[in-house]
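Residues per chain are reported as follows:
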Amino acid sequence: MPVDHQELNADRNQGWRSELRGRISAKERSALPRVKMPELAPMERILGFLEVNVGLNEEAAVLEARRCLDCSAPTCISGCPVNINIPGFIKRIENRDFSGAARKLKETNALPAVCGRVCPQESQCEAQCVYQKMKKPPVAIGYLERFASDCERLAGNISLPLIEKKSGVRVAAIGSGPASLTFAGEMAKNGYAVTVFEALHELAGVLSYGIPEFRLPKSIVRSEIAYLEALGVAFERNVVVGKTLTLDDLREKGFRGFFIGSGAGLPKFMNIPGENSIGIYSSNEYLTRVNLMKAYQFPSYDTPIVRGKRVAVIGGGNTAMDSVRTAVRLGAEKAMIVYRRSEQEMPARIEEVHHAKEEGVEFLTLTNPIEYFADSDGRVKQMKVQKMGLGAADDSGRRRPVVIEGSEYMIDVDTVVVGVGTDPNPLIPQTIQGLEVTKWRTIVVNEETMQTAVPDIFAGGDIVRGGATVILAMGDGKRAAESLHAYLTDKDGGR
Amino acid sequence: MNKIVEKEVLSENVVKLVVEAPLVSRKQRPGQFVIVRTDEKGERIPLTIADADPDRGTITLIIQKVGTSSHKITRLNPGESLSDVSGPLGRATHVETLGTVLACGGGVGIAPLYPIARAFKQAGNRLIAVLGARNRELLILEKEMAAFADETIIMTDDGSHGNKGVITVGIEEVLKREAVHLAVAIGPAVMMKFTALLTKRYNVPTIASLNTIMVDGTGMCGACRVSVGGKTRFVCVDGPEFDAHQIDFDEMIKRLNTYRAEEKVSFDGYMRSQP
């Protein structure tokens, strides 16, 4: 997405900001140490589902904001899939204009409190920070994003943008995860009447069923939804598009444009013997039971979960880390990550791996399960694994795991969570005529516009990418909104 | 919220609810199900759609009291509401004209069998219903089935109604007697297992509709997975009907018992909390 340099410069050249820049020298700024995120102690946090990262206080946030050099040509913004005006919001924090900082974030990002918590900043904006060239730790952009949006929420005065002209043209988003929510927010700001259709009884997709409370409190997700409702976005729960209503039904109801953000909801299993034994979950099921259905509060909530004592989680991504740390909180005495490559190749965020280790999780890397064994009731009791070595790099640039013959051994387990990835949900592509689908069952779009083979249908997030991050999904939603707006404006002058 | 507009007690353990769900009532086809959540703290449970009235915008659910969730839902009265109803889910029954179709229903399984059997009859098949229950009091929908079936055979374990014996006795009577082109079996897993073993001996193609544990019901979680012909399938999106001769019923029966201990804890707590 192109960065609007004119707007950035106009913001940067405001009097208060020039004055703020002049107050402290770049040398002094760069000599400040990077702030540390205060966290709950491991022994305390594993007793429940409280958020691990506590958040910065005002003084710490202002001090960290001071580290930002307010570069004339900021490189950080190019690392952000939604092009947040990063120096713009950070300098407002330094200036103690916290609600101004939150407004600046919301100009480009409908879900800053979420992104401040779950974005992999270390490989995006912070990876492009000018401090990287100076071999210094980057400005803690993510912590500051979280701080500004938390401030606004806790103060209770959420500001709403002025919507200049409401055309009332109806558009629909299918799925209510981060891609659709971003799309909905952008279209509402453009004056459209947006309805978001969600299959489950709860909104926000992976933010609700996938990411645990200890990493993303659901109260924050709810308040981000409330913000969208205040913008005029309508939400319909328990509607499985393709089943409850078809796209043609929606066209008949007067919807003029569509965004598909139905996600990569189908869990992958490894198809190894014994995998259907009791106590073997997909990470989707394990996390959904806990996060969406509140099984950690069973029997106060009706949905149960197997509370394993010896839990193996297969995989090395963020979902695997979320699952294994959930197992710890559900009382596992031994919680293991079993991953076929080495720690270096793990796709999980470093912070998640670090937190998992602090919480006592064991890492069995270069190890792969090949068979499960159950007792007479069908409950898993053991898994056979084999050791792996690393061969030449594969398509992903990571070294390919190779089996070490004769290295098999058994591990006692009573719960296994398979977190080796997900496939796109086929329901939508199957029920809409004319969509083009890849062999991985993702929907084909024009990468610039996110438009599908059907002109009034746009798509983004994991249904297009196959399994990526919240922020990339949000970037897609944003681009799709711009394109759909242009498409509809072109078609009938925006009426 | 989905309002309950009618309630009828069909037997000591079985209750029929007619529920407002306009969109579902228009789209549903025989064989499909809904996911229901009774209240804010409730489980998501799959319930097969027993009937629908698109003009009234209602669907009919028939529920057997087993654990906490089913007790909670059967205690609701007309005017009260279910928190959530989502559907119609799963694939509809593939209904075609084959000749003679044998509809085998055990216990509360007669409820989901009813719309499927009716659809086969409407498609021009000769329809023989074999309905089984523990006793007369627990047998449901006999009149409704008999209204369109060409023949209805009743089996009760204690002989209090119809013939005495398990359902497979009644099924085999028909199989011995005449050519059957398709059998549809719905009921407890054990009943479906033995029905499948029997019809296989007679080379009669058989489908079973499975009611496994589910959470989302849209293919997301895999709680409902079963082995069919040695391959893992999801009941919610690949089913709920499968070739009964290919289903690994023993694995399915074990998986149905996943939460036996937790269900007891939950149910004991629920019963204590009730006046």
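Basis of the calculations
- Residues numbered from 1 in each chain as written.
- Chains lettered and ligands numbered in written order.
- Predicted model: local features only at pLDDT ≥ 70, side-chain atom pairs only at ≥ 80, totals over all residues.
- Pairing = 2+ DSSP bridges.
- Helix = DSSP H or I, 4+ residues; strand = E, 2+ residues; numbered from the N terminus.
- Domains from an automatic or database assignment.
- Nonpolar A, V, L, I, M, F, W, Y, C, P; charged D, E, K, R; others polar.
- Core = buried A, V, L, I, M, F, W, Y, C linked by C-beta atoms within 7 Å.
- Buried ≥ 20, exposed ≤ 12 C-beta atoms within 10 Å, placed from the backbone.
- Contact = placed C-beta atoms within 7 Å.
- Axes fitted to C-alpha atoms, helices over the stretch in contact; angles between N-to-C directions.

K.L.:
A description of the pairing of strand E15 (residues 231-234) of chain B should follow, citing residues and the corresponding values.
P.N.:
All names here are of chain B. With four bridges joining them, strand E14 (residues 225-228) and E15 adopt antiparallel strand pairing. Across the sheet, Ser227 pairs through a bridge with Thr232, a residue of E15. Hairpin connection between E14 and E15: a loop of two residues separates the two successive antiparallel strands, and Gly229 in this loop has a positive phi of roughly 60°.

K.L.:
Tell me what's going on with the domain arrangement of chain B, and back it up with residues and numbers.
P.N.:
All names here are of chain B. Under the domain assignment, chain B is made up of domain 1 (2-89) and domain 2 (100-256). In this structure, domain 1 and domain 2 have C-alpha centres spaced 21 Å apart. Elements with a minimum of two residues in the side of domain 1 that touches domain 2: strand E1 (2-11), strand E3 (33-37), strand E4 (45-53), strand E5 (58-64) and strand E7 (84-89). Ranked by the residues each element gives to the side of domain 1 that touches domain 2, the list is headed by E4, at four residues. Per-class residue counts for the side of domain 1 that touches domain 2 are nine nonpolar, six polar and three charged.

K.L.:
Any chance you could break down the nonpolar core for me, citing the residues and the numbers?
P.N.:
Burial of nonpolar side chains together is a common tendency in soluble globular proteins. Counting 224 residues, the largest nonpolar core has Val313 of chain A together with Val130 of chain B as its most contacted members. When residues of this core are assigned to their parent elements, the largest contribution, nine residues, is made by helix H19 (residues 470-492) of chain A. Those residues in contact with Val313 of chain A, other than ones at most four positions away along the chain, are Ala320, Ser323, Val324, Ala327, Met336, Ile337, Val338, Val417 and Gly419 of chain A.

K.L.:
Which residues make up the domain arrangement of chain A, and what values go with them?
P.N.:
Residues and elements named next belong to chain A. On domain assignment, one finds that chain A holds domain 1 (5-155), domain 2 (170-265 + 424-492) and domain 3 (267-422). Each of domain 2 and domain 3 has a C-alpha centre, and these two points are 30 Å apart. Domain 2 puts 13 residues into the contact, and the matching count from domain 3 is 11 residues. A per-class count over the side of domain 2 that touches domain 3 returns six nonpolar, four polar and three charged.

K.L.:
Mind laying out the sheet that holds strand E3 (residues 234-236) of chain A, listing which residues take part and the relevant values?
P.N.:
Residue and element names in this part refer to chain A. The parallel open sheet is built from five strands, whose spatial order is E3-E2-E1-E4-E16. Taken across any chain shown, the strands that pair with only one partner, and hence form the sheet edges, are E3 and strand E16 (457-459). Between one strand axis and the next, the sheet turns by 20° as a mean value, whatever way the strands run. The sheet contact formed by strand E1 (residues 170-174) and strand E4 (residues 257-260) spans four bridges and is parallel.

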